[in-house]
Amino acid sequence: GCKTLPSDFALPTIQSVMESTLINYHAPIVQLSVTCSKGTYIRALAESLGRDLGVCATLQALCRTQVGGFSLQDAVDLALLQKEGLPAVCDRMLRL
């Protein structure tokens with residue numbers, strides 16, 4: 001079962017969740033997409049959802065797809081960066 005935390009233990013905060021979408025459910029795994037404000041701890045959200053459902057919950061994986069103006073879609077693959085070098089990759093990105 002879940003471990004009981006001391007009563008004075010402060011969990012990380014959930015600031016603001018603007019949108020959450022169920023992507024996949026195959027018990028006991030739930031896959032969600034969450035749009036949230038900065039300062040929101042997704043691990044705390046998972047634990048809170050588990051408590052509300054009466055089960056233990058934790059993250060199996062976390063992938064940030066966007067932070068501020070940066071998105072995973074626009075990210076540069078590390079292999080490409082190592083192959084072509086930083087100046088070439090930066091030059092290519094500036095031309096987009």
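Residues numbered from 1 in each chain as written. Predicted model: local features only at pLDDT ≥ 70, side-chain atom pairs only at ≥ 80, totals over all residues. Heavy atoms only, no water.

**A word on the overall build of the chain**
Here comes step 1: A count of helical and extended segments in the chain gives three helices and four strands.
Here comes step 2: Reading the chain from its N terminus to its C terminus gives the helix and strand order β-β-α-β-β-α-α.
Here comes step 3: The contacts of the chain with a sequence gap of at least 6 include a subset with a gap of at least 24, amounting to 29%.
Here comes step 4: Taken as a whole, the chain presents about 8,400 Å² of accessible surface, with 56% of it coming from carbon and sulfur. (Helix = DSSP H or I, 4+ residues; strand = E, 2+ residues; numbered from the N terminus. Contact = heavy atoms within 4.5 Å. Areas by Shrake-Rupley, 256 points an atom, 1.4 Å probe, with all protein chains shown as cover.)

**Let's talk about unusual backbone geometry**
Here comes step 1: A cis amide bond, omega 5 degrees, links A27 with the succeeding residue P28.
Here comes step 2: Inspection of the secondary structure puts P28 in the loop between β1 (17-26) and β2 (29-36).

**Re the pairing of β2**
Here comes step 1: Two elements, β1 and β2, share eight bridges in a ladder whose sense is antiparallel. Across the sheet, residue H26 finds its bridge partner in β2, namely I29.
Here comes step 2: Between β1 and β2, which follow one another and run antiparallel, lie two residues. (Pairing = 2+ DSSP bridges.)

**A short note on the layout of surface pockets**
Here comes step 1: Approximately 1,300 Å³ is the volume found for the largest pocket.
Here comes step 2: In this structure, the largest pocket is lined by 34 residues; those nearest its centre are L32, V34, I42, L59 and L62.
Here comes step 3: Among the secondary structure elements, those contributing two or more residues to the lining of the largest pocket are β2, α1 (42-53) and β3 (66-67).
Here comes step 4: Looking at the lining of the largest pocket, the element that brings in the most residues is β2, giving eight residues.
Here comes step 5: Of the residues belonging to the lining of the largest pocket, the class tally is 20 nonpolar, twelve polar and two charged. (1 Å grid on protein atoms, 1.4 Å probe; cavity = no way out; pocket = protein on both sides within 12 Å on 5 of 7 lines; lining within 4 Å. Points joined across faces, edges and corners; volume = space filled by probe spheres on them. Nonpolar A, V, L, I, M, F, W, Y, C, P; charged D, E, K, R; others polar.)

**Section: the environment of T35**
Here comes step 1: With respect to the element layout, T35 can be found in strand β2.
Here comes step 2: Discounting chain neighbours no more than four positions away, the residues touching T35 are S16, V17, M18 and E19.

**Details of a nonpolar patch on the surface**
Here comes step 1: Residues L22, Y25, V30, L32 and L49 make up a contiguous nonpolar surface patch of roughly 480 Å² in combined accessible area.
Here comes step 2: For the nonpolar patch, the secondary-structure elements that each account for two or more residues are β1 and β2. (Patch = residues over 30% accessible without salt bridge, like charges linked within 9 Å, V, L, I, M, F, W, Y side chains within 5 Å. Salt bridge = Lys/Arg side-chain N within 4 Å of Asp/Glu carboxyl O.)

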